[in-house]
Amino acid sequence: NAGVTQTPKFQVLKTGQSMTLQCAQDMNHNSMYWYRQDPGMGLRLIYYSASEGTTDKGEVPNGYNVSRLNKREFSLRLESAAPSQTSVYFCASSESTSGRVRETQYFGPGTRLLVL
Amino acid sequence: AQSVTQLDSQVPVFEEAPVELRCNYSSSVSVYLFWYVQYPNQGLQLLLKYLSGSTLVKGINGFEAEFNKSQTSFHLRKPSVHISDTAEYFCAVRGENAGGTSYGKLTFGQGTILTVHP
């Protein structure tokens, strides 16, 4: 049981390049999330997927797109990377049964992205 | 809307001393409160959570937190810290409306870096 896994662990991009961050969970969770972490700002929600087949914008969605490929996988795409997207990206998942919000979110190890 | 404020960005402390990391929240609905820990170059790990019931919540690694509704606080405490507790700690809140069916997003505080010195 690996929990939440993310690839790659590190990435360096040039401005304007594109890339996809991958996330997978093996806990049979319904909900998945993408956050970015910047110094002094905590974690901010980029996009989330309450269940397979649905995605919604979070607090900072501009410049990103997501795909909920199936129940296990939730990817984050940067179409044209900008230096402002230099950050650490975390994927998380939670059980989220019946719309209740008491469940714990479990986090992956993160992807460190540098955009030059 | 909900928000979380962690009152200290950095807390230095000596080994075996007690520590308190402060967290205040604001929300117009019922809240569920969490503390996460992030060790260097790792993801976030849940320390403890308050959902309902007893306002004193015990978590892993000897940490505990007390939910104070009147002061809208959820401070994290440990009576005696260890070098291995050096990490960044995040307080987070999720809200739920009276009907219990809204999708509450997790809102994080800015983080507190705890540094334990020998």
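Up top is the structure these notes are about.
This write-up is about the structure you can find in this document.

How each quantity is defined
- Once a new chain begins, its residue numbering starts again from 1 and follows that chain's sequence as written.
- Chains carry letters and ligands carry numbers; both start at the beginning, A for chains and 1 for ligands, and go up in the order they are written.
- A pLDDT threshold of at least 70 governs which residues receive local features in this predicted model, and a stricter bar of 80 or more applies before side-chain atom pairs are shown or counted, although totals over entire chains, interfaces and linings include all residues.
- Side-chain calculation: all heavy atoms of the structure are included, whereas hydrogens and water are not.
- Under the DSSP-based scheme used, a helix requires at least four consecutive residues in state H or I and a strand at least two consecutive residues in state E, with every element numbered from the N terminus.
- Throughout this description, buried means an accessible area under 20% of the type-specific maximum (1.4 Å probe, protein chains only), exposed means over 50%, and partly exposed covers the range between.
- Only the protein chains shown count as cover for residues, and the accessible areas themselves come from Shrake-Rupley with a 1.4 Å probe.
- In this charge count, Lys and Arg are treated as positive and Asp and Glu as negative; neither His nor the chain ends contribute.
- Each charge is placed at NZ for Lys, CZ for Arg, CG for Asp and CD for Glu.
- Here, the term nonpolar core denotes a set of buried Ala, Val, Leu, Ile, Met, Phe, Trp, Tyr and Cys residues that are joined through side-chain atoms within 4.5 Å.
- Residue contacts are defined here by distance: any two heavy atoms, one from each residue, within 4.5 Å place the two residues in contact.
- DSSP calls a pair of strands paired once it identifies at least 2 bridges connecting them.
- Residues are called lining when one of their atoms sits within 4 Å of a cavity or pocket point, these points coming from a 1 Å grid over the protein atoms alone, where a cavity is a set in which a 1.4 Å probe fits but cannot get out and a pocket is an open set with protein on both sides within 12 Å along at least five of seven lines.
- Grid points are joined across faces, edges and corners, and a volume is the space filled by probe spheres set on the points.
- The nonpolar class holds Ala, Val, Leu, Ile, Met, Phe, Trp, Tyr, Cys and Pro. Asp, Glu, Lys and Arg form the charged class, and all remaining residues, Gly among them, are polar.

The subject of this paragraph is the overall build of chain A. Scanning chain A from N- to C-terminus turns up zero helices and eleven strands. Reading the helices (α) and strands (β) of chain A from amino to carboxyl end gives β-β-β-β-β-β-β-β-β-β-β. Among the 116 residues that make up chain A, the fraction classed as buried is 47%. For chain A, the exposed area adds up to about 5,300 Å²; of that, 49% sits on carbon and sulfur atoms. The averaged location of the 9 negative side-chain charges in chain A is 5 Å from the averaged location of its 12 positive side-chain charges.

So, about the nonpolar core. The biggest cluster of nonpolar side chains holds 28 residues, and the ones touching the most others in it are Leu33, Trp35, Leu47, Leu48, Phe74, Leu76 and Tyr89 of chain B. Sequence-distant contacts of Phe74 of chain B, that is, excluding residues within four places in its chain, are made with Cys23, Leu33, Phe34, Trp35, Leu48, Tyr50, Ala65, Glu66, Phe67 and Cys91 of chain B. In this structure, Leu21, Ile46, Tyr47 and Cys91 of chain A belong to the second largest nonpolar core, which totals 19 residues.

Residues and elements named next belong to chain A. Taking burial as the measure, the five residues of strand 8 (residues 74-78) include four buried ones, the bulk of the element. Bridge count between strand 3 (residues 19-25) and strand 8: three bridges; the pairing is antiparallel. Following the sheet pairing, Thr20 is matched in strand 8 by Arg77. Pairing analysis gives four bridges linking strand 7 (residues 65-68) to strand 8, with the strands arranged antiparallel. For Arg68, the partnering residue across the bridge sits in strand 8 and is Phe74. The antiparallel pairing of strand 7 with strand 8 creates a hairpin that spans five residues between the two strands.

Size it by volume and the second largest pocket reaches roughly 290 Å³. Taken together, 21 residues form the lining of the second largest pocket, with Gln37 of chain A together with Gln38, Glu88, Phe90 and Ile113 of chain B sitting closest to its centre. For the lining of the second largest pocket, the secondary-structure elements that each account for two or more residues are strand 9 (87-94) of chain A together with strand 10 (87-96) of chain B. Of the residues forming the lining of the second largest pocket, the biggest block, three residues, is contributed by strand 10 of chain B. Here the residues of the lining of the second largest pocket sort into eight nonpolar, eleven polar and two charged.

Before going further, it helps to spend a moment on unusual backbone geometry. The omega angle of the peptide bond from Thr7 of chain A to Pro8 of chain A is -10 degrees, so this bond is cis rather than trans. Within the secondary structure, Pro8 of chain A sits in the loop between strand 1 (4-7) and strand 2 (10-13). Positive phi values are uncommon outside glycine, yet Asn61 of chain B reaches one of about 60 degrees. Within the fold, Asn61 of chain B resides in the loop between strand 7 (56-58) and strand 8 (64-68). The exposure class assigned to Asn61 of chain B is partly exposed, which follows from its relative accessible area of 40%.

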